[in-house]
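Listed here are the chains, written in short residue letters.
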Amino acid sequence: MKRNSGLTKRTIGSRLTAAFLAASAAPCLAAHARFNLQQPNSQLGQDIYDLHTLIMWVCVIIFVGVFGVMCYAIVKHRKSVGHQAAHFHENTTVEVVWTVIPFLILIGIAIPATKTLIHQRDTSGADITIKVTGYQWKWGYQYLTGEGEGISFFSMLATPREQISGSAPKGEHYLLEVDQPLVVPVGRKVRMVVTAADVLHAWWVPSLAAKQDAIPGFVRATWFKAEREGVYRGQCAELCGKEHGFMPIVVHVLSAEKYAQWVSEHKPKTDTAAVDVNKIWTLEELVARGEKVFAQNCVACHQANGMGIPGTFPALNGSAVVKGPKAKQLDTVLHGVVLDGKPTAMQSFAHLSDVELAAVVTYTRNAWNNKSGEAVTPADVKAARSKSGSAAAPAGSSTVASVLHAAR
Amino acid sequence: MTARSTAMNKERERKNVRTALSIGLVVLVSLAYFVYNVWQFR
Amino acid sequence: MSTAVHGHTHGHDDHAHHPTGLRRFLTTTNHKDIGTMYLWFAFAMFLTGGVMALIIRAELFQPGLQITHPDFFNQMISLHGLIMVFGAIMPAFVGFANWQIPMMIGAPDMAFPRLNNWSFWLLPPAASLLVVSLFVPGGAVAAGWTLYPPLTVQMGMGMDLAIFALHILGMSSILGSINIITTILNMRAPGMTLMKMPLFVWTWLITAYLLVAVMPVLAGAVTMVLTDRHFGTHFFNPAGGGDPVLFQHVFWFFGHPEVYIIAIPAFGVISQVIPAFSRKPLFGYTSMVYATASIAILSFLVWAHHMYTTGIPLEAQLYFMYATSLIAVPTGVKVFNWVATMWKGSLSFETPMLFAIGFLFLFTIGGFTGLVLAITPVDIQLHDTYYVVAHFHYVMVAGALFSAFAGIYFWLPKWIGRMYDEKLGKWHFWLSFITFNLAFFVQHFLGLAGMPRRIPDYALQFADFNMVSSIGAFGFGLSQLLFLYIIVKAIRSGEKAPARPWEGADTLEWTHLPTPAPYHSFETPPLVK
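The following paragraphs examine the structure supplied in this document. On a predicted model such as this, the values are computed, not experimentally measured, just so you know. Starting from 1, residues in each chain are numbered consecutively following that chain's sequence as written. Labels are handed out in written order, letters beginning with A for the chains and numbers beginning with 1 for the ligands. Under the rules for a predicted model, residues below a pLDDT of 70 receive no local features and side-chain atom pairs below 80 are neither given nor counted, while totals for whole chains, interfaces and linings still include all residues. Just so you know, side-chain values use all the structure's heavy atoms and leave hydrogens and water out.

## What to know about the interface of chain C and chain B
How big an interface is tends to be stated in terms of accessible area lost as the parts join.
Now for step 1: The partner chain B presents 20 residues to the 24 residues of chain C that form the contact.
Now for step 2: Two parts lose some accessible area (1.4 Å probe) when they are put together, and adding that loss for both gives the buried area. Taking both partners together, chain C and chain B bury about 2,100 Å²; carbon and sulfur atoms supply 72% of that area.
Now for step 3: A pair is scored as a salt bridge if a Lys or Arg side-chain nitrogen falls within 4 Å of a carboxyl oxygen belonging to Asp or Glu. Run the count over chain C and chain B and you get 0 salt bridges.
Now for step 4: Side-chain atoms alone can form a polar contact between residues adjacent in sequence; in general such a contact is a pair of N or O atoms within 3.5 Å, and within protein one must be able to donate a hydrogen while the other accepts it. Scanning the region where chain C abuts chain B turns up 3 residue pairs in polar contact (both at pLDDT 80 or more).
Now for step 5: Secondary-structure elements contributing two or more residues to the side of chain C that touches chain B are helix H7 (157–186) and helix H8 (199–230) of chain C.
Now for step 6: Here the side of chain C that touches chain B takes 5 residues from H7(C), the largest share from any one element. Between two residues, a contact is recorded if the distance between any of their heavy atoms is within 4.5 Å. Think of it this way: any DSSP run of H or I at least four residues long counts as a helix, any run of E at least two long counts as a strand, and we number them from the N terminus.

This is the structure we're talking about:
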């Protein structure tokens, strides 16, 4: 198969549409279809869109044909208009005809479907490779190769809890907004290598025609090549537990220049965590920071009032672990809770930075009725980490080379 | 009860049991083979 | 089809010697009693699963979390699926099999009456395990009815209860199936050759083989989950060298034939109802038998079309796409045959026929969306969206459930000797038909536009269709209370049914038995020419 044949064959229509949209649409290009697939933003997406349209028309024509005959019979061959029943009940010729014709139609559908599928599964020749890791319940991104290599961050729901519970009006991008979007350049082939840290997830952006299950312990790949700048939104598409509906994906597609600028702004940022460690934090600072970390990572289960969900998620307010020695609580957040040899919903939060962990632990030890007045410092976290050997790097410890090798 | 029992002749009951046992045997053998195979993966 | 030589009629009255009250039903070995119990059990489970569906739709009525916690929402979607598939639809058709197969082949009862009793009484404990699991610490299984690990390994004790429930349900199905196969193979009346059997009997013979083949596979899959949870195995745990996707392969090797276990008996009911109300023999009987058998065989060869997004190799995706599309051919043959049966008939439109035509319309839509989903690149866009939810509800509800309604209205006079209220029956059909489409047709649009399934809350652009869908779902749920009223009314005060209420119905139970059918029928087999 010629990989790029799809691009050279673009119809004038889709060129015009693309040009029109590129010219008219604001940076936020939420072309939300009401009755059909979302407006595709890649050649692959367009091919799938066209394939779907073709199959729909085939189905509509057959449906109208078959049920046209049936409706005619319902009107004309009814007992109430005095129609006498015929007695035929077999005809080998028609049986053969209506076996063979559908078969031929299926071959007609299979040919374009095969072409599109082969195109879709060809992840070779990518300009940029990004590893995406599904967590309960957020996404981790790590730029492995290409421009931006070395950048890594987490991306989680930015919609405030008050909007979900209904105590605040819902914003325009309710549930489809994140704190840190994935950023990619326009017109470049981006290969996403997808895995998961805990349970199954699926990384899906409809308008980029990219959906891939994230499977713990395995690395799978998909790709996309955005044709227009803008903001594209998607969601986790595989049930991954309680907050499955609350882990959206937002992709910012930027021009080459703006992307280069974004890369230069974000590259050094990965070192800031190290700088923070040397800072001396006061109790108030840690609690303030910790409240934010708690709101992003813990509140879904343990609740804002620290009371958890009785019978399902334990309370932190008054908890023996939170009121007990620091070491035990640090061990809990670093390694999660394992009961009877199986992991519980309390997963490891070792991917958070030392500062974030110190802040959130300090917060829980001082919030609600837990007035310990004691601060857990980033240094404490670092010490606890080195004792157990759990690294802070997001998305596990696998090397770039091994990930690239394993992905298919 | 009695009426039905007499209606069902004995020979047919034996045939029924043979049929059921042969299907059951196929199920059990397949299941055993499946368990054996899967056990290699544990 | 089969014209039976007119033998003796049962001149003597019903001479049932059986205990009364609860003991009658606990100890009965009569296929008619057991069939009745299966049907009432299925209806009770249908209402239970239906309440769960309404909780789901109530939560989704508007964006935001209003009435459920997300974890409880996930329990609802999981139990709704398990209860409807294993508790409602499957037992309903086993109920039909119990009532109809012996009467249609001229046998006095099922081959193993005591086993039959046990097959039924396994169900209530299994269903109780599922319902009780809602109240154990950690709640019921919240990983979807597909039970994918590793999420199922995180679940609480409710998961273990669900696994045991599935074991028991599987045992019940296997025993019931062996009974059905033996009955059909060995107990036919003299002259009733295989190719003279009513199509309903054929479809159940094929279904029973599917059940025997795949229920052990499901039992194996959930047992592996159980040992992973408690006994230190690592079948699905990558940290121990296992593979989460292995479960999906095993599950869908059961799961896809399961779809046909539900659909094929429905085809059988429709193949009895349409000829009866067209007053014309079924068109293409032989090709119907072969088409059903082809569907059953193909159903074993297409499981991974549920797994296109797991990253199975390209070659596998191509194979599964071609094999899946191929199922459209025999399915099409069946639809064409049904339409040809109606062609130049003398049609009348009593409630069973209305449900059969409704089935034909909506099942065909479900079949077409199935073809759309078979095409891998399109499926990758639509997988795990509301489009899939719409698709399988067209197949399961408008397919299987509508055909069960058709069958109940059709055979009710034979079973209880009384007619249902025809006017109310028609109301039930039209209310069900309209509200069903209101609830599920718009879900196609939601899925196409990108709404994932199994989410308790959604973005604002999905709000209007979700509201329409919820209104439809509540309408559909309430319409089923009308059904209950119609049945109870028919049993208590229905008009006495004539011996042959449907002039076009020509199988043995109509031609050779009085109405209502006596407690013991065909103690002397009829002679079929």
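## A few points about the sheet that holds strand E4 (residues 182–185) of chain A
All names here are of chain A.
Now for step 1: Note on pairing: two strands pair once DSSP finds at least 2 bridges between them. The 3 strands are arranged E4-E10-E9 in an open sheet whose pairing can be described as mixed. Both outer strands of the open sheet, E4 and strand E9 (230–235), are each paired with one neighbouring strand and no more. Strand-to-strand twist across the sheet, computed as the mean angle between neighbouring axes with direction ignored, equals 25 degrees.
Now for step 2: Alignment of E4 against strand E10 (residues 248–254), held across 4 bridges, turns out to be parallel. Considered in E10, the bridge of Leu182 is made with Val251. All axes are obtained by fitting lines to C-alpha atoms, using only the stretch in contact for helices, and the reported angles, taken between N-to-C directions, cover 0 to 180 degrees.

## With respect to a nonpolar patch on the surface
Now for step 1: Like charges within 9 Å and nonpolar side chains (Val, Leu, Ile, Met, Phe, Trp, Tyr) within 5 Å are joined into patches, using only residues over 30% in relative accessible area that form no salt bridge. Surface accessibility in these figures is a Shrake-Rupley result with a 1.4 Å probe; residues are shielded only by whichever protein chains are displayed. On the surface, a cluster of nonpolar side chains totalling about 580 Å² of accessible area is made up of Val96(A), Val100(A), Phe103(A), Leu104(A), Ile107(A), Ile111(A) and Leu326(C).
Now for step 2: Examining the composition of the nonpolar patch, we find that 6 residues originate from one element, helix H4 (residues 92–120) of chain A, more than from any other.
Now for step 3: Following the sequence through the fold, Leu326(C) ends up in helix H11 (residues 314–326).
Now for step 4: By relative accessible area, Leu326(C) is classed as partly exposed at 33%. Burial status follows relative accessibility: with a 1.4 Å probe on protein chains alone, a residue under 20% of its type maximum counts as buried, one over 50% as exposed, and anything between as partly exposed.

## A few points about the pattern of salt bridges
Now for step 1: Scanning all chains against the criterion turns up 12 salt bridges over all chains.
Now for step 2: As a salt-bridge pair, Glu503(C) and Lys79(A) come within 2.6 Å of each other at their nearest N and O atoms. Of this pair, Glu503(C) sits in the loop between helix H17 (463–493) and helix H18 (508–511) while Lys79(A) sits in the loop between helix H3 (43–76) and H4, which puts the two residues in different chains.
Now for step 3: The partner of Arg161(A) in a salt bridge is Glu243(A), with the nearest N and O atoms 2.9 Å apart. Residue Arg161(A) is located in helix H5 (residues 161–165), and its partner Glu243(A) is located in the loop between E9 and E10; the two are separated by 82 residues in the primary sequence.
Now for step 4: When its relative accessible area of 4% is taken as the criterion, Glu243(A) is described as buried.
Now for step 5: Taken together, the salt bridges that share partners define one network made up of Lys79(A), Arg279(C) and Glu503(C).

## Considering the sheet that holds strand E3 (residues 152–155) of chain A
By way of backbone hydrogen bonds, the strands of a sheet pair with one another, either parallel or antiparallel.
Residues and elements named next belong to chain A.
Now for step 1: Here 5 strands make up an open sheet; going across it, the order is E3-E2-E1-E5-E8 and the pairing mixed. Looking at which strands have only one partner, the edges of the open sheet turn out to be E3 and strand E8 (220–224). Sheet twist, expressed as the average angle between the axes of neighbouring strands with direction ignored, equals 25 degrees.

## Overview of the packing of aromatic side chains
Geometrically, a pair of aromatic rings is defined through the distance of the ring centres and the angle of the planes.
Residues and elements named next belong to chain C.
Now for step 1: Working definition: a ring pair exists when centres of Phe, Tyr or Trp rings (six-membered ring for Trp) sit within 6.5 Å. Plane angles under 30 degrees give stacked, over 60 give edge-to-face, the rest tilted. Counted by the stated rule, this structure contains 73 aromatic pairs over all chains.
Now for step 2: Judged by centre distance (5.0 Å) and plane angle (80 degrees), the ring pair of Phe120 and Trp121 falls under edge-to-face.
Now for step 3: On the basis of an interplanar angle of 90 degrees and a centroid distance of 5.4 Å, the ring pair of Phe236 and Phe247 is categorised as edge-to-face. Taken together, the positions of Phe236 in the loop between H8 and helix H9 (244–278) and Phe247 in helix H9 put the pair 11 residues apart, joining distant regions of the chain.

## A few points about the interface of chain C and chain A
Now for step 1: With 101 residues of chain C in contact, the opposing surface of chain A contributes 97 residues.
Now for step 2: In this assembly, chain C packs against chain A so that about 8,400 Å² is buried in total across both faces, 68% of it on carbon and sulfur atoms.
Now for step 3: Ranking the residues of chain C by area buried against chain A places Gln154(C), Phe336(C) and Gln381(C) at the top, with a combined share of 8%.
Now for step 4: Taken together, chain C and chain A are joined by 1 salt bridge.
Now for step 5: Inspection of the chain C/chain A interface yields 27 residue pairs in polar contact (both at pLDDT 80 or more).
Now for step 6: Sort the elements by how many residues they give to the side of chain C that touches chain A and helix H12 (residues 328–342) of chain C lands first, with 9 residues.
Now for step 7: Under the grouping applied here, Gly and all other residues not named as nonpolar or charged are polar, the nonpolar ones being Ala, Val, Leu, Ile, Met, Phe, Trp, Tyr, Cys and Pro and the charged ones Asp, Glu, Lys and Arg. Partitioning the side of chain C that touches chain A into residue classes produces 61 nonpolar, 28 polar and 12 charged.

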